[in-house]
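Structure assessment
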Amino acid sequence: MRQESILRAIYDQASRANPYPLFAELRRTPVCWQEDGPDEGGTWVVSTYREIVSLLHDPRLSSDLRHCTQPGVDARALEPMPFIRLDPPEHDRLRALTMRHFGPPERPAFIEQLRPQIESITTSIVDGLVGERVFDVVTRVAYALPVRVICAILGVPLEDHPRFRVWVDALIQAFSKLTPEARAQRDQAGHALRDYLADLVRHHREQPGDDLLSRMATDTGPGAPMDDPQLASTAMLLLIAGHETTVNLIANGVLTLVRHPQWLERLRREPQLVVGTVEELLRYEPPVQLIPSRTALEDIAVAGATIPRGALVSLALAAGSRDPARFEDPDRFDPERSNNAHLGFGSGIHYCFGAPLARVEAQIALGQLARGLDRPRVVTDPPPYRPSPVLRGPRELIVEVDGVRPRDRLQS
C-alpha cells in the first residue's frame, strides 16, 4: 500500500473492525501527507504520541477551519459555531460559561452527585435484561444509559429522543467521507436540531428548573448569558458529545472484555479494577479515533516535516495511544497498565469537556454488566460497525448469556 493512501484505507468501512495495523503503518512516518481525507482534498496526518500531544498544545494549530486555505476543504459550519470549533479567546470564554454549571470550580461535586442517579438508571437497565438470553448491548445498554443521563442533565425530554436521534445520526455520518449528499443531509439535520434546541432554551428561560439549559439560559454571572443562538449551538454540542462517544466506550468495553475473559472474570471478582479497565479501554479501543478538522495558522515544523500554513491537519489519536515509543506492548489489553496517559479524551484546551461524566457512566455500566451477565458470548465477532471512522464503535453487539442476575442478587 502506498504511504499516501493509508488514510483512505482507514476510512474504508472494510477496515472498521480492526484499523490498528493501518495506524501502525501511519506511525512509520509520524507526519505525512495523505491524499484522502474527510473532504475532497487530502490532509496532513500526525500519528505519533509525542507529536500529537505537542500539536494539541500548540496555538498555531487552529480548530477553526475558516482559517483553512486548502482547496476542496468544506470550512462551512452551522452558525454560530460551538466552542469546540473555535480558538481562544472566544473558545475559552464560551467553555468557561458552560463549565461553571457542569464542574469545577463553581460546581466541583456535580458529577459525583450524579453517581447515585446513574447507578439507579444502570440497575434498571440491567434488571430489564433478566430472563433474556440474547440481546443487543448497544441498543439495550450502551445507548440507553448515556442518552437518559444527558437528557436529564440538559433538561431535554427523553420522550423526544426518537426525533433528535435521526438528526444526530445524520450529523455523525458526516464524520465519514463528505459527499455533496452527506453535506446536504448534515446541514439539514444541523438546522433541525439547532431549531429544536433553541425552542427548548426559550422554554427553560420562561420555566426554569435545575437542569443545565435552565442554568445557562438564566445565568446572571460574569460574562453571561450567552445569546440564544450560541446557547442552542452549545446545547447541540453537549447533547451529541454527551452520549455518542460514551455509547462507543461502553460497547467497545463489553466487546473487549468478552474477548479477554480473564479480565472479565477479574473485574467480576475485583470491582475496583473498573477504574483501570475504563482507562485502558480509552487507550486500547478509543471511541474517538481521529481529530480530522484542524488547520495550521502558520508553517509548523514537526518531526522532520513542515505543515504549511492553511493546510488541513488530522490527528490520529488511536495511533498515538498505541505508539510503542510511549506505551510498552501497546497492542496488549492491560487494565493494570501504569502511567496510562492515553489520548482517549484528547489533550490541551480542547480536552474532552464531558470526560468525568463519561468515566463514571462507563465504570458503572461495565461494573454492573461484569457482575450481572453470566458467561456472555458475542454472537458475531467482529460485529457490524457504525460508518464513522472518527467515532468508532459497533452498530450492534449481539451477546448471548446463560442468564442475567438482578442487582439484588449480585452479592450472592
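An account of the accompanying structure is given in this report. All values reported here derive from a predicted model rather than from experimental measurement. (Residues numbered from 1 in each chain as written. Predicted model: local features only at pLDDT ≥ 70, side-chain atom pairs only at ≥ 80, totals over all residues. Heavy atoms only, no water.)

Some thoughts on the sheet that holds strand S3 (residues 61-62)
- On the basis of which strands lie adjacent, the open sheet formed by five strands has the order S1-S2-S8-S5-S3 and mixed pairing. Among the strands making up the open sheet, the edge pair consists of strand S1 (31-34) and S3.
- Of the strand pairs in this sheet, S3 and strand S5 (residues 291-296) are connected by two bridges, and their pairing is antiparallel. Within S5, the residue paired with Leu61 across the bridge is Ala296. (Pairing = 2+ DSSP bridges. Helix = DSSP H or I, 4+ residues; strand = E, 2+ residues; numbered from the N terminus.)

Focus: the packing of aromatic side chains
- Under the defined criterion, the tally for this structure stands at nine aromatic pairs.
- Considering the side-chain rings of Trp167 and Tyr196, the 5.9 Å spacing of their centres and the 55° angle between planes classify their relative orientation as tilted. Of this pair, Trp167 sits in helix H8 (residues 161-173) while Tyr196 sits in helix H9 (residues 180-206), and the two are 29 residues apart along the sequence. One exposure class covers both Trp167 and Tyr196, and it is buried.
- Counting every residue linked through ring pairs, the aromatic cluster contains Phe83, Phe102, Phe110 and Phe353.
- Over the aromatic face of Phe327 sits the side chain of Arg283, whose NZ or CZ is 5.5 Å from the ring centroid.
- The ring of Tyr49 has Arg326 lying over it, and the distance from NZ or CZ to the ring centre is 5.3 Å. (Phe/Tyr/Trp six-rings, centres within 6.5 Å; stacked < 30°, edge-to-face > 60°. Buried < 20%, exposed > 50% of the residue type's maximum accessible area, 1.4 Å probe, protein only. Lys NZ or Arg CZ within 6 Å of the ring centre and 35° of its normal.)

Regarding the packing of helix H14 (residues 274-284) against helix H16 (residues 355-372)
- Following both chains from N to C, one finds H14 and H16 inclined at 115°, their axes separated by 9 Å at the closest point. For the crossing formed where H14 meets H16, the hand is right-handed. Every residue of H16 that contacts H14 at Val274, Val275, Val278, Glu279 and Leu281 is listed here: Arg359, Ala362, Gln363, Leu366 and Gly367.
- Partitioning the contact of H14 with H16 into residue classes produces six nonpolar, two polar and two charged. (Axes fitted to C-alpha atoms, helices over the stretch in contact; angles between N-to-C directions. Left-handed = near helix turned anticlockwise from the far one by under 90°. Contact = heavy atoms within 4.5 Å. Nonpolar A, V, L, I, M, F, W, Y, C, P; charged D, E, K, R; others polar.)

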